[in-house]
Amino acid sequence: MSLQGRRILLIVGGGIAAYKCLELIRRLRDRGCAVRTVATKAATEFVTPLSLASLSEDKVYTELFSLTDESEMGHIRLSREADLIVVAPATADLMARMAAGMANDLASTVLLATDKPVLIAPSMNVQMWQHAATQANRATLAARGITIVGPAAGDLACGEVGSGRLVEVPELIQAIETALSPRPLAGRTALVTSGPTWEPIDPVRLIANRSSGKQGHAIAAALARAGAAVTLVSGPTAEPDPVGVTVQRIETAAEMLAACQQALPVDIAVFAAAVADWRADTVSTQKLKKGGEPPTLTFAPNPDILATIAQHPTSRPRLVIGFAAETEAVVEQATAKRLRKGCDWILANDVGLGTGTFGGDANTIHLIDADGAEAWPRLAKVEVATRLVDRIIAALA
Ligand code: C5P
């Protein structure tokens, strides 16, 4: 892909790997990119503003409160007049400030004010990278749609060995090219279901389940980031609405089915909701009273939303993806389920007691398609979403 004429705002963090930025600027300039740099105060301890300015052939911005900069180019303009913001090296401190939404220097303020895509290349000591705080920040930033490249493993400047090296310049350039590529699902439509359903018994009581909606919401967000127009039909969850997604909130399975049917036609449909299999046969209009014999509930089956849409006579989406939450013989059960429901792929996960999948942040998936089963490592739900969307992009290419 040509980078000719593209505008990169490079934010240099204060780490030993900052020296690699000089090479990065050179290579980007060779490719015809305009590079403007912001350096944190700590960055200027590692590379001089003069080097950055000479290579980028532009002024280097370091101060939030500089009268000349603010009159020539305020931090808002700085954050918007770029096609992509690249943070390299992204230090533990800068990542923490980004995750917390701080704006206490020019770099963090630009990152908070921008409406442009952001790519960060972390680099730090291995212990700092593996620290729970940094990993939580990494997950937060990834969930917000920030692209994270690296770190690579190897010898570190501090003398330790492990994950923490800034990725090499060619890899960074490749990631920049990908980030600037057209969004692969632009022009596609998608439907995602998420969360539990609530089936009323009477005006105050209901049947529910432990689904958090984390996986479905993450998939909706990842599809939207890839450019798809996404409708998310969600049962009651505490998850915030994903950015750029049309959200329809429903309670019962019947309402979920109706909302899904209304969203058709779509190219992609992902059914991540934990739909109640049964609802109370009759819903009492008055609160059931205590005293005497306890009431006996009788149930009626709920519609199978996935099977209904997968076998839709006129508007079957091109790619229909279901989930299978199992507690035993996960792959066998899910393989049979794929055929029974008529969907293209099933993402099977073990939700047995002690797996922590229901309501938790991580998931272990087996992807089952017509060719068989593929085991994925245990991943954060946001990473499951990204990986699934990469698969969807490949399947529709
Ligand atoms: O049959 P089972 O509930 O195990 O199937 C799980 C898959 O089917 C999930 O993708 C779930 O969202 C979907 N499903 C549905 N409607 C139902 C039951 C399950 O869409 N009534």
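See the structure shown above.
Residues numbered from 1 in each chain as written. Predicted model: local features only at pLDDT ≥ 70, side-chain atom pairs only at ≥ 80, totals over all residues. Heavy atoms only, no water.

Participant: Talk me through unusual backbone geometry; I want residue IDs and the actual numbers.
Facilitator: P151 follows G150 through a cis peptide bond whose omega is 5°. With respect to the helices, strands and loops of the structure, P151 is situated in the loop between β6 (147-148) and β7 (152-155). Cis geometry is found at the peptide bond from L264 to P265, where omega equals 0°. Looking at the secondary structure, you find P265 in the loop between α12 (253-263) and β14 (268-271). Although it is not a glycine, A329 adopts a positive phi angle of roughly 40°. (Helix = DSSP H or I, 4+ residues; strand = E, 2+ residues; numbered from the N terminus.)

Participant: Lay out a nonpolar patch on the surface with the relevant residues and their values.
Facilitator: On the surface, a cluster of nonpolar side chains totalling about 330 Å² of accessible area is made up of W278, L297 and F299. Structurally, W278 is set in strand β15 (residues 278-280). (Patch = residues over 30% accessible without salt bridge, like charges linked within 9 Å, V, L, I, M, F, W, Y side chains within 5 Å. Areas by Shrake-Rupley, 256 points an atom, 1.4 Å probe, with all protein chains shown as cover. Salt bridge = Lys/Arg side-chain N within 4 Å of Asp/Glu carboxyl O.)

Participant: Describe the site of the ligand, with residues and values.
Facilitator: Taken together, the residues surrounding the ligand are F271, A273, V275, D277, P303, D304, I305, L306, G322, F323, K337 and K341. At 2.6 Å from an oxygen atom of the ligand is found a main-chain nitrogen or oxygen belonging to F271. Between P303 and the ligand, the recorded distance is 2.8 Å, taken from a backbone N or O atom to a nitrogen atom. The protein chains hide 87% of the 450 Å² of surface that the ligand would expose on its own. When residues of the shell around the ligand are traced back to their parent elements, those giving at least two are α13 (305-310), β17 (319-326) and α14 (330-341). (Near = heavy atom within 4 Å. Polar contact = N/O pair within 3.5 Å; in protein donor to acceptor, adjacent residues only side chain to side chain.)

Participant: Please provide a residue-by-residue account of the pattern of salt bridges, values included.
Facilitator: Counting across every chain of the model gives 23 salt bridges. A salt bridge links R31 to E177; the shortest N-O distance between them is 2.2 Å. Within this pair, whereas R31 is found in the loop between α1 (19-30) and β2 (34-39), its partner E177 is found in helix α10 (residues 169-180), the two being separated by 146 residues in sequence. The class for R31 is partly exposed, based on a relative accessible area of 32%. A residue is classified by how much of its surface remains accessible, and E177, at 15% relative accessible area, is buried. Between E81 and R36 there is a salt bridge, with the nearest N and O atoms lying 3.9 Å from each other. With a gap of 45 residues between them, E81 in the loop between α5 (75-80) and β4 (84-90) and R36 in strand β2 connect regions that are remote in the sequence. You can call E81 partly exposed: its relative accessible area is 31%. Each of R36, D58, R77 and E81 takes part in salt bridges that share partners, so that together they form one network. (Buried < 20%, exposed > 50% of the residue type's maximum accessible area, 1.4 Å probe, protein only.)

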